[in-house]
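Listed here are the chains, written in short residue letters.
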Amino acid sequence: MNWLYLALNLGSIAIPLAFSFEKRARFYKNWFALFPALIITATFFLVWDFWFTEIGIWHFNPEFVMGYKLVNLPFEEWMFFIFIPYACIFIHESLKYYFKKSLFDAHGKIIAQVLGAIFLVIGLVSTERMYTSVTFILLGLFLLLIVYSFNTQFLGRFFLTYLVSLIPFAIVNGVLTGMPVLIYNNNENLAFRIGTIPIEDFFYSMLMLLVNITIYEHLLNRKANAINVPCAENHPVKEQNAGNIKS
């Protein structure tokens, strides 16, 4: 079954990719923001992944990967950091399209502040467990960074997306950890699992999705602002003519 990880990746992106061209949502029109977000985020997480693999925090079961490696990581792992976030951001956009309001819209900032502080404390008191500590510290810091340094309007939507994405996450990660494709050193995590999934994976996933969506939403907003702001400046003649008509 050395095709298993590959099949999980392809299965995860198949439906989102097919429906990216659906004529109502037209997700493909946001690819200008999506792919930079995927590439930037994947670069960071692949470096993290390589580091943790090298120091023995986790390793990959050769029975379930094809055997092709790039920088000591299975080719399927490189696919994971593009295909899974693609599917999750597709969910994010679908929720925005079909549900104009989210229960979390008005409370995204305060939720991020509270969770950021809690995660940061968990990470700081777990420094003897590398996976736990690094995951929670980075997630806590990034949540607080967004609250105090970025536009926070998307945070409510992000939390809804994350909760919905837990369903496919539990399926895919359940297979990855259940077979197992990915084998963890339990001395470096809390050794607490939901099913076969280490608790840290849920927050690793949250961080990966949060970084992707933060960059994605920033690029969408930048394009929207570039289209809307210069209208008055670029058409002084029209404004003057409008004034003459009124007079």
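This write-up is about the structure you can find in this document. (Residues numbered from 1 in each chain as written. Predicted model: local features only at pLDDT ≥ 70, side-chain atom pairs only at ≥ 80, totals over all residues. Heavy atoms only, no water.)

1. Here we look at the layout of surface pockets
- Its boundaries defined by the atoms lining it, the largest pocket holds a volume of some 520 Å³.
- Residue assignment for the lining of the largest pocket shows that the elements contributing at least two residues are α1 (4-18), β1 (58-60), α3 (75-98), α6 (155-178), β4 (182-184) and α7 (199-228).
- When grouped by side-chain class, the residues that make up the lining of the largest pocket number 23 nonpolar, 5 polar and 3 charged.
- A25, R26, F27, K29, N30, F90, E93, S94, K96, Y97 and L220 together form the lining of the second largest pocket.
- Of the residues forming the lining of the second largest pocket, the biggest block, 5 residues, is contributed by α3.
- Grouping the constituent residues of the lining of the second largest pocket by class yields 5 nonpolar, 2 polar and 4 charged. (1 Å grid on protein atoms, 1.4 Å probe; cavity = no way out; pocket = protein on both sides within 12 Å on 5 of 7 lines; lining within 4 Å. Points joined across faces, edges and corners; volume = space filled by probe spheres on them. Helix = DSSP H or I, 4+ residues; strand = E, 2+ residues; numbered from the N terminus. Nonpolar A, V, L, I, M, F, W, Y, C, P; charged D, E, K, R; others polar.)

2. A word on the packing of helix α4 (residues 108-124) against α6
- With their axes 7 Å apart at the nearest point, α4 and α6 run at an angle of 65° to one another. Accordingly, the angle class assigned to the pair α4 and α6 is roughly perpendicular. Judged by residue contacts, G108, K109, I111, A112 and L115 of α4 engage L155, G156 and F159 from α6.
- Grouping the amino acids of the contact of α4 with α6 by side-chain chemistry returns 5 nonpolar, 2 polar and 1 charged. (Axes fitted to C-alpha atoms, helices over the stretch in contact; angles between N-to-C directions. Parallel < 35°, antiparallel > 145°, perpendicular 65-115°, else oblique. Contact = heavy atoms within 4.5 Å.)

3. Focus: a nonpolar patch on the surface
- The grouping of M1, W3, M66, Y68, F75 and M179 at the surface amounts to a nonpolar patch, some 660 Å² of accessible area in total.
- Positionally, M1 belongs in the segment before α1. (Patch = residues over 30% accessible without salt bridge, like charges linked within 9 Å, V, L, I, M, F, W, Y side chains within 5 Å. Areas by Shrake-Rupley, 256 points an atom, 1.4 Å probe, with all protein chains shown as cover. Salt bridge = Lys/Arg side-chain N within 4 Å of Asp/Glu carboxyl O.)

4. Side note on the packing of α1 against α3
- Between α1 and α3, whose axes approach to 9 Å, the crossing angle comes to 25°. In terms of orientation, α1 and α3 fall into the roughly parallel class. Every pair of crossing elements has a handedness; the one defined by α1 and α3 is left-handed. Side by side, α1 and α3 meet where Y5, L6, N9, L10, S12, I13, P16 and L17 of the first sit next to E76, E77, M79, F80, F83, I84, Y86, A87 and F90 of the second.
- Taken together, the residues of the contact of α1 with α3 sort by class into 13 nonpolar, 2 polar and 2 charged. (Left-handed = near helix turned anticlockwise from the far one by under 90°.)

5. Observations concerning the pattern of salt bridges
- According to the stated counting rule, one finds 5 salt bridges in the structure shown.
- Taking the shortest distance from any N to any O, the salt bridge between K96 and E217 comes out at 3.0 Å. Of this pair, K96 sits in helix α3 while E217 is found in helix α7, placing the two residues 121 residues apart along the sequence.
- The exposure class assigned to K96 is partly exposed, which follows from its relative accessible area of 25%.
- For E217, a relative accessible area of 7% translates into the label buried.
- R157 is paired through a salt bridge with D105; the nearest N and O atoms lie 3.8 Å apart. Of this pair, R157 sits in helix α6 while D105 is found in the loop between α3 and α4, placing the two residues 52 residues apart along the sequence.
- Residue classification places R157 among the buried positions, given a relative accessible area of 10%. (Buried < 20%, exposed > 50% of the residue type's maximum accessible area, 1.4 Å probe, protein only.)

6. Some thoughts on the packing of aromatic side chains
- This structure, assessed with the given rule, holds 30 aromatic pairs.
- Here the aromatic rings of F119 and F136 are separated by 5.7 Å at their centres, their planes lie at 55°, and the arrangement is tilted. With F119 in helix α4 and F136 in helix α5 (residues 130-149), this residue pair connects regions lying 17 residues apart in the sequence.
- For F136, a relative accessible area of 3% corresponds to the buried category.
- Grouped by ring-pair contacts, the aromatic residues Y5, F44, F45, W48, W51, F52, W58, F80, F81, Y131, Y184 and Y204 constitute a single cluster. (Phe/Tyr/Trp six-rings, centres within 6.5 Å; stacked < 30°, edge-to-face > 60°.)

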